[in-house]
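# Examining the three-dimensional arrangement
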Amino acid sequence: MDGAAELVFCVNGRKVIEKNVDPETMLLPYLRKKLQLTGTKYGCGGGGCGACTVMISRYNPITKRIRHYPANACLLPICSLHGAAVTTVEGVGSTKARIHPVQERIAKCHGTQCGFCTPGMVMSIYTLLRNHPEPTLDQLTDALGGNLCRCTGYRPIIDACKTFCKTSGCCQSKENGVCCLDQGINELPEFEEGNKTSPKLFSEEEFLPLDPTQELIFPPELMIMAEKQPQRTRVFVGDRMTWISPVTLKELLEAKVKYPQAPIVMGNTSVGPEVKFKGAFHPVIISPDCIEELSVVNHADDGLTLGAGLSLAQVKEILAEVIQKLPEEKTQTYHALLKHLGTLAGCQIRNMASLGGHIVSRHLDSDLNPLLAVGNCTLNLLSKEGERQIPLNEQFLTKCPSADLKPGEILVSVNIPYSRKWEFVSAFRQAQRQQNALAIVNSGMRVFFGAGGGIIRELSIAYGGVGPTTICAKNSCQKLIGRPWNEEMLDAACRLILDEVSLPGWAPGGKVEFKRTLVISFFFKFYLKVSQILKTMDPVRYPGLADKYESALEDLHSRNHWGTSKYQDVDPKQLPQDPIGRPIMHLSGIKHTTGEAIYCDDMPVLDGELFLAFVTSSRAHAEIVSIDLSEALSLPGVVDIVTEEDLRGVNSFGLLGEPEKLLETQEVFCVGQLVCAVVADSEVQAKRAAKRVKIVYQDLEPVILTIEEAIRHHSFFHGERKLEYGNVDEAFKVVDQILEGEIHMGGQEHFYMETQSMLAVPKGEDQEMDVYVSSQFPKYIQDIVAATLKVPANKIMCHVKRVGGAFGGKVTKTGIMAAITAFAANKHGRPVRCILERGEDMLITGGRHPYLGKYKVRMMNMYKEIDQTPYKQEIDATNLTQCWKECMATSSYSLRKVAVEKFNSENYWKKKGLAMVPLKFPVGVLSTAAAQAAALVHIYLDGSVLVTHGGIEMGQGVHTKMIQVASRELRMPMSNVHLRGTSTETVPNANVSGGSVVADLNGLAVKDACQTLLKRLEPIISKNPKGTWKDWAQAAFDESISLSATGYFRGYESHMNWETGEGHPFEYFVFGAACSEVEIDCLTGAHKNIRTDIVMDIGHSINPALDVGQIEGAFIQGMGLYTIEELKYSPQGVLYTRGPDQYKIPAVSDVPTELHVSFLPPSQNSNTLYSSKGLGEPGVFLGCSVFFAIHDAVRAARQERGLLGPLKLDSPLTPEKIRMACEDKFTKMIPRDEPGSYVPWNIPV
Ligand SMILES: Cc1cc2nc3c(=O)[nH]c(=O)nc-3n(C[C@H](O)[C@H](O)[C@H](O)COP(=O)(O)OP(=O)(O)OC[C@H]3O[C@@H](n4cnc5c(N)ncnc54)[C@H](O)[C@@H]3O)c2cc1C
Ligand code: FES
Ligand code: FES
C-alpha cells in the first residue's frame, strides 16, 4: 500500500492535487467551497434532485475508451475521483468565454425561471450530448429524469433539448403507425380572424450549432497517468476516517481481511445516504478502483455473467444489447430487468450505483433483487480462501448468516441465467411518481411450464416494499406447482400470497391496504400476461383472455412530450425597439445556465465567518425540562450556542397577528420548532455539535396534529370570518336540490430548490449590519433583525440578489432565522452564515396547510357576464365565459369526451377521464397600503440606467419585466438598463413580494420614476433629438437637472368590510379554463397525464414567454398538489417526508404528453400596468383539472363495476387512492384491519 497517497483528478481540464484529503469530503462542498465553483448547486444532498449534477469522465487504459456519465456531486466522495475528469457547468461554457449550445438553448427557450435547478439540467443534457449528439426523445426524457425543477413545469426545458434531436417537431406518438403531425389529429383551431397569433416563443434559426469537436477533451495527463503509472493501493487518512482504494483484486481481498467491517464503497448511493441521513459512521472505507474483474461481461452457455462493479447504467446498456441478439425466449429475465432499470432512480444514480452495491445493500424496495431472485441468479464470491458461489435467494435476501457473504468475502460477479422455452418472467412496480421514485411495492415473477403442458412446473414470486427486505412467496409458489394456469389457480394463488406476504396494519411506510392490493393485482397482471403469451403460442389450447382485459397489460408511461403556446403578437404599429408584449428571455437566463447567477450561498466565505445550525424540537407538544449544552460546547470549533436566555426581551416578533417567539426553551408546540442555535467555525462542526445538544422533554396534552383534532379541542386562530350572500337559510328552504359534503385537501411543501439561506455581516461600525438572505420580504427581515439587535432599522440593510424559488415559503420563518443569525453575528462581531439542509428546511418551515371544507350548495352555475361576487364586488365575467368556450374548442372537448367513453367501454382495467375546470382568480392584496410600491431609477452620465424597485426576483422574471418597462418608458434599448438586485438601502419599506402582483405594482412605480425622468429631460432631448443618452445625460447634468428619480404607486383602491360582508378587496380577476385528460391503471393506481389545454385571460401580456412559463409552472405545481405530493406524519407528529426521496414533486415524466397553453386575445383595458394581469399563482388551481379527470376515470371504472353511489375522493389523488377507489375482487379479497386495533405508521393530516 502507498501510505502517502496524493489524490489527483481534473476539474474542467485543470489538475487538482490534494495531499491531505479528508475522505469524508464530498465533491459538492469541495467544488463550492474549496474551488469556488458555485455553479453546482445543493438541493437535497441525497441524490434526489439533480441540482448538483456534474459530468464524470474516466479513461479505461485496457479498452482505451472514455466513459462520460452524469453524477450527483453530493454523493461523490472526492477520494473516489482519482484519475477522473470532472466537468462542472463552469467548464461547459460561460459568458466570459463562450456559452455552449445547451446553455444557449435552455435559456432562449425560456427553460429557466429561478435558475437554481438549471446548472443541473444543463449538465444532464450536456452529458447526454457528449454520448449521443443527436439523442432520441426517449434518451432525452431519460436523461432529465433525475433532475427536479419546481418552477418551469419542464415543458420549455424539454423544448430546448428537443432542438438537439433529429425529430424535434413531432409528438412521437406513433399510434396507428402515423405521426400526429401527419394525421393532423392534434391540430388546434386558430383564434378568430383578426387576432394575430404568434406561436413561437423562440427562434431555432439563431441557435449555435452543436459542434462536438469544441468540447473539453479528456485531460491527456490523466490518460498518461492511467496508462503509465504503476497502480498501487491508495490510502487517504482523515481525522476520523481512512479511505483505502485497492487497484487489484488481491489488494482488495487483503484490505477486506484486514478491515472486515469496512464497507466496499462503489457508487456510494447506499452507504452515502446512510452516513448522511441515518448517522452511520465507518472509520475505514474500502473503495476498489478500476478492478478489471469487477467489470466482466461474460456470455456463457447458461447465461450472462456481469461484474459486480458495473454501474446500473452499464448493466442497462449491456442488457439492451443482449436482448437484440438473443431469441426472446432466452431473454425473459433481461427484459424484466431492463424494464425496472428504466425507472430505477434517475440517470445520475444509475450511473453511479453498482450492480454489486445494489444487490448487497438488500434494500427493502430494491427493484432488481426480486427479479434476480426469481431469475435463479447466483453470486460469485471471492475471498482469500478462494471462490464460492451462492444463490441469490430468500436466505441471502434476509441476510441469513449461512447464506450471506462472509466477513472477508466480496461479490465479484453475478450469473443471470437465460430463460427457457415456456418460461416467462415479468417485473412490476408502482411508485408515487412514474420515474425516480422508490417503489411502494415491486415484484419479480417467473413461471415455467416445461414442455408447454400449461401446468406450472416452477413458480417464483418475490416482492419488494412489503417487508424489511425482499420477500419471496415461496410456500405459495410451492403449493401451486402442478396446477394448470387458469382462473381457479389465480384465485387460489391470490389467497395463498395474501396469507404468506402478510403486512401488519402498523407496517412501516403505511399504505398497508394499498400494498396488500398491489401484491395480488401484480399477480393478476402476471396471470393475464402469461395467458396472453400462451394464447399466441398455442391459440387452440389456450384461448386466453377477452380483448377487454388486455388493457391490464400495458404500462402507463408518458415520455414523449409535445407542447404549444399561443399568444398574441404585439400591435404591428408598436415600435420595434419597444419590448413590452414581446417574448423576451429572462435576463438572468444565460447566467442561470452557466452557473454565473449568484445565490445567497454562492457568496464567497468571508474572513472569520461562522456557521449557524439550529437545534429543533423533536416533540409535538412538550415542556422542555432541561437542555444540556455542555457536550456540544466542548466540541472543537464550537463558538457559542444561542438560547432564549440570550434573546431575553427580544425573543418575539409579530408580522401578522400574534407575535411569534424566535427560540423556545420552555414549551414546544410542534416538531421542528427552533430551540437553540449552535455557532461554530464550520458547517460540519456546527452540525455535529447541534446533534449533541441534549434536551429532556415532558410530554404535554393535547397533541393536536389534524384539523379534526383542532376542532375537537377548540384550537382556532382568532377572527372567524363569514360571508353570506342573500338570505342563505331561506334559499335552502326553497331549492329543489341541495348538494352537501366535505372536502379534504392535503398540505403541500413549497419545495423551492434553494433551501433557506442567509448571511449576516456586521460592518464593524455604528452597529451596522448587512444581511444577505433568500427572502421574499427584505423589509421584514430588516425590521425583525433591527428589533432583535435593538437598533433602528436604518442600521440594518437587507439585500436580495435573487431567490432560488420561494412560492410563499420565504417570508416569516426566514425572518426568524435571519434574526437569530444576525444576533450571533452581532454578538461575536463576525459574519455568520446559515444554510438549511433540505430535511431541516422541510421540518422547520411551514407549507401550504391542509384544508377541510364543508359545503352545502344550491346551484352550480358560473358567473353571468356582469355579476357580483359573494362579497358584492362587481365582476365582469365575459372573459371567463370566453375562456371556457375557447378551451372547449381548443381541446375538442366534445369529440374527446366521446372518444374517452368509447375507450372506457372497450377497456376494463384502464380507464380514461376528461375534465374541464374554470378559473376565477382574484388579484389584489386586500388593502391599499399593502399594494403600494416604490422604485428608484438613476441615469448615469454615460447614459446607462440603473433600476431598483421593491420586488424580489424569485424566478417569475420581475426584473426582466421591470427593465422592459424602463426601456419602453425611457425609449431606450433594454441593454442600456441594468438591475442589480433588491435592497432596503435603495427602496425602503417595500411590501412583501407575493400574491402575483410583484410586477403589477412595482412596474407602475418604475413607470412613474421613468416618466418623471423623461419629463425632466424632454426639453433637453427636444433640443437635440438626434443625440444619444450620453449626450442628454451630460446636458442634464450641466444644467443641474437631477438624473435620479423615485417612482411610486400608492396601491390599488381596495377595501373589505367583514362586518357587512361587503367590499372591493380585489383590483381584478384572472380568468382561465383548463381541460385535462388522463388514463388510469385500475389495478395499480398509476395515472398518465395525456393532454392538458389551458386558456387564460391575462390581459395584455408584458412578456408572453415569462407569462406562459408562469402558467405552465404553476399548473404543474398544482398538478403535484392535487395528485402526488403527500406529506406524511407519524402519530407523534414527526414529518416523515423530509426530502425528494420521500416527497414527490412532479418530475419530467409527469408533464402531460401534450400541453397547450393559449391566451385569450386581450379585450379589456384596465388601470393595471399596460392592462396586463398578474399570473404567478392562478395556474396552480388549474392543476385540479387533472384531479377531476382522474376522478372521472375512477367514476367510469366504478360504474362498470356496478358501484353507482356518490364518490368522495380527497386530494391529493395518489396512486393509493386511485387504486383503492377502483374497487374490484382484489380489493375485496385483502384483509382489512379493525381501526383502533393497531397504531398506524402514519396518520392522515
Ligand atoms: C436518490 C436515490 C434513488 C434511488 N432509487 C432507487 C430505485 O428507484 N430503485 C432501487 O431499486 N434502488 C434505488 N436506489 C438505491 C440504489 O439502487 C442503491 O443505492 C445502489 O444500487 C447501491 O449501489 P452502490 O454501488 O452505490 O452501493 P454502495 O453505497 O457503494 O455500497 C452499498 C453496500 O454494498 C456493499 N458492496 C458493494 N459492492 C460490493 C462487492 N463487490 N462485494 C461486497 N459488498 C459490496 C458495500 O459494502 C455496502 O455495504 C436509489 C438510491 C438513491 C440514492
Ligand atoms: S443536491 Fe445532489 S441530488 Fe440533490
Ligand atoms: S427554474 Fe427550475 S427550480 Fe427554479
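What counts and how
Residues numbered from 1 in each chain as written. Chains lettered and ligands numbered in written order. Predicted model: local features only at pLDDT ≥ 70, side-chain atom pairs only at ≥ 80, totals over all residues. Heavy atoms only, no water. Near = heavy atom within 4 Å. Polar contact = N/O pair within 3.5 Å; in protein donor to acceptor, adjacent residues only side chain to side chain. Areas by Shrake-Rupley, 256 points an atom, 1.4 Å probe, with all protein chains shown as cover. Helix = DSSP H or I, 4+ residues; strand = E, 2+ residues; numbered from the N terminus. Expected span 1.5 Å × (residues − 1). Buried < 20%, exposed > 50% of the residue type's maximum accessible area, 1.4 Å probe, protein only. Bend = angle between axes of the 7 residues up to and from the residue. Pairing = 2+ DSSP bridges. Axes fitted to C-alpha atoms, helices over the stretch in contact; angles between N-to-C directions. UniProt positions renumbered as here; feature names shortened; annotations may be inferred. Contact = heavy atoms within 4.5 Å. Parallel < 35°, antiparallel > 145°, perpendicular 65-115°, else oblique. Left-handed = near helix turned anticlockwise from the far one by under 90°. Nonpolar A, V, L, I, M, F, W, Y, C, P; charged D, E, K, R; others polar. Core = buried A, V, L, I, M, F, W, Y, C linked by side-chain atoms within 4.5 Å. pLDDT = per-residue confidence, 0-100. Phe/Tyr/Trp six-rings, centres within 6.5 Å; stacked < 30°, edge-to-face > 60°. Lys NZ or Arg CZ within 6 Å of the ring centre and 35° of its normal.

### Focus: the site of ligand 1
Taken together, 33 residues surround ligand 1, and among them Met266, Thr269, Val271, Ser354 and Asp367 come closest. Between ligand 1 and the protein, one listed contact pairs an oxygen atom with a backbone N or O atom of Asn268 at 3.0 Å. Measuring from an oxygen atom of ligand 1, one finds a side-chain N or O atom of Ser354 at 2.7 Å. For ligand 1, whose accessible area on its own is 990 Å², the fraction buried by protein is 92%. For the shell around ligand 1, the element with the most residues is helix α14 (residues 355-361), which contributes five residues.

### Structural notes on helix α4 (residues 118-131)
When the terminal C-alpha atoms of α4 are compared, their 20 Å separation across 14 residues agrees well with the 20 Å that a helix rising 1.5 Å per residue should span. Most of α4 sits out of view: twelve of its 14 residues are buried. Listed as buried for α4 are Thr118, Pro119, Gly120, Met121, Val122, Met123, Ser124, Ile125, Tyr126, Thr127, Leu128 and Leu129.

### Comments concerning helix α32 (residues 998-1023)
The terminal C-alpha atoms of α32, which comprises 26 residues, lie 37 Å apart, in line with the 38 Å expected from a rise of 1.5 Å per residue. The largest bend in α32 is about 50°, located at Leu1017, with the proline Pro1019 one to four residues further on.

### Observations concerning the sheet that holds strand β30 (residues 769-773)
Here we have eight strands laid out as an open sheet, ordered β22-β26-β20-β32-β29-β30-β31-β40, and mixed in their pairing. Both outer strands of the open sheet, β22 (638-642) and β40 (982-983), are each paired with one neighbouring strand and no more. When strand β20 (residues 610-616) meets strand β26 (residues 674-680), the two strands line up antiparallel, connected through six bridges. Note that in β26 the partner of Val615 across the bridge is Cys676.

### Side note on the sheet that holds strand β9 (residues 284-286)
Reading across from one edge, β7-β8-β9 is the order of the three strands in this open sheet, with mixed pairing throughout. Only two strands of the sheet have a single partner each, and these edge strands are β7 (234-237) and β9. Each adjacent strand pair in this sheet contributes to an overall mean axis angle of 15°, direction not counted. When strand β8 (residues 242-245) meets β9, the two strands line up parallel, connected through three bridges.

### A short note on the UniProt feature "active site" (unreviewed entry) in the protein chain
Mapped onto the present numbering, the UniProt feature "active site" (unreviewed entry) falls at Glu1177. By the secondary structure assignment, Glu1177 is in the loop between β46 (1154-1159) and α35 (1178-1182). Of the residues examined, Glu1177 reaches a relative accessible area of 35% and is grouped as partly exposed. In this view, Glu1177 contacts Phe921, Gly995, Ser996 and Ala1114; residues no more than four positions away in its chain are not counted. Looking at Glu1177, its side chain comes within polar contact range of the side chain of Ser996, at 2.7 Å.

### Re the packing of helix α18 (residues 487-500) against helix α19 (residues 512-537)
At a minimum axis distance of 10 Å, the contact between α18 and α19 shows a crossing angle of 155°. With respect to their mutual orientation, α18 and α19 come out roughly antiparallel. α19 is crossed by α18, and the crossing has right-handed handedness. Contacts between α18 and α19 involve Glu487, Met489, Leu490, Ala493, Cys494, Ile497 and Leu498 from the former and Arg516, Val519, Ile520, Phe523, Phe524 and Tyr527 from the latter. In terms of residue class, the contact of α18 with α19 is made up of eleven nonpolar, no polar and two charged.

### Here's the deal with the UniProt feature "domain: FAD-binding PCMH-type" (unreviewed entry) in the protein chain
Those places that UniProt annotates as "domain: FAD-binding PCMH-type" (unreviewed entry) correspond, in this numbering, to residues 236-421. As annotated, residues 236-421 comprises 36% helix and 20% strand, and the C-alpha atoms at either end are separated by 52 Å.

### Observations concerning the nonpolar core
Ranked by internal contacts, the top residues of the largest apolar core, which has 236 residues, are Tyr463, Trp485, Phe523, Phe614 and Ile820. Here Trp485 is in contact with Val447, Phe449, Gly454, Ile456, Leu459, Phe523, Phe526, Tyr527, Val530, Ser531 and Leu534, once residues within four sequence places are set aside. In terms of nonpolar packing, the next biggest core, distinct from the first, is built from 75 residues, Leu76, Leu344, Ala353 and Leu392 among them.

### Details of the pairing of strand β4 (residues 65-72)
As paired strands, strand β3 (residues 53-60) and β4 are joined by eight bridges and run antiparallel to one another. Directly across from Val54, in β4, lies its bridge partner Ala71. Turn length for the β3-β4 hairpin, with the two strands adjacent in sequence and antiparallel, is four residues, and the turn residue Lys64 shows positive phi of about 60°.

### Things to note about the confidence of the model for the protein chain
For the protein chain, the mean per-residue pLDDT works out to 93, and 96% of the residues sit at or above 70. pLDDT under 50 marks residues 168-196. Its contacts with residues more than four places away, or in other chains, come to 51 contacts.

### Here's the deal with the packing of aromatic side chains
With the rule as written, the count across this model stands at 28 aromatic pairs. Aromatic pair Tyr908 and Trp909: ring centres 4.8 Å apart, planes at 85°, arrangement edge-to-face. In this structure Tyr908 comes out as buried when scored by relative accessible area, which is 15%. When its relative accessible area of 3% is taken as the criterion, Trp909 is described as buried. Residues Phe1049 and Tyr1052 carry aromatic rings whose centres are separated by 5.3 Å and whose planes lie at 70° to one another, so their mutual orientation is edge-to-face. Put simply, the rings of Phe424, Phe428, Phe449, Trp485, Phe522, Phe523, Phe524, Phe526, Tyr527, Tyr908, Trp909 and Phe1226 pair up and form one aromatic cluster. When the ring centre of Tyr418 is taken as reference, the NZ or CZ atom of Lys330 above it lies at 4.6 Å.

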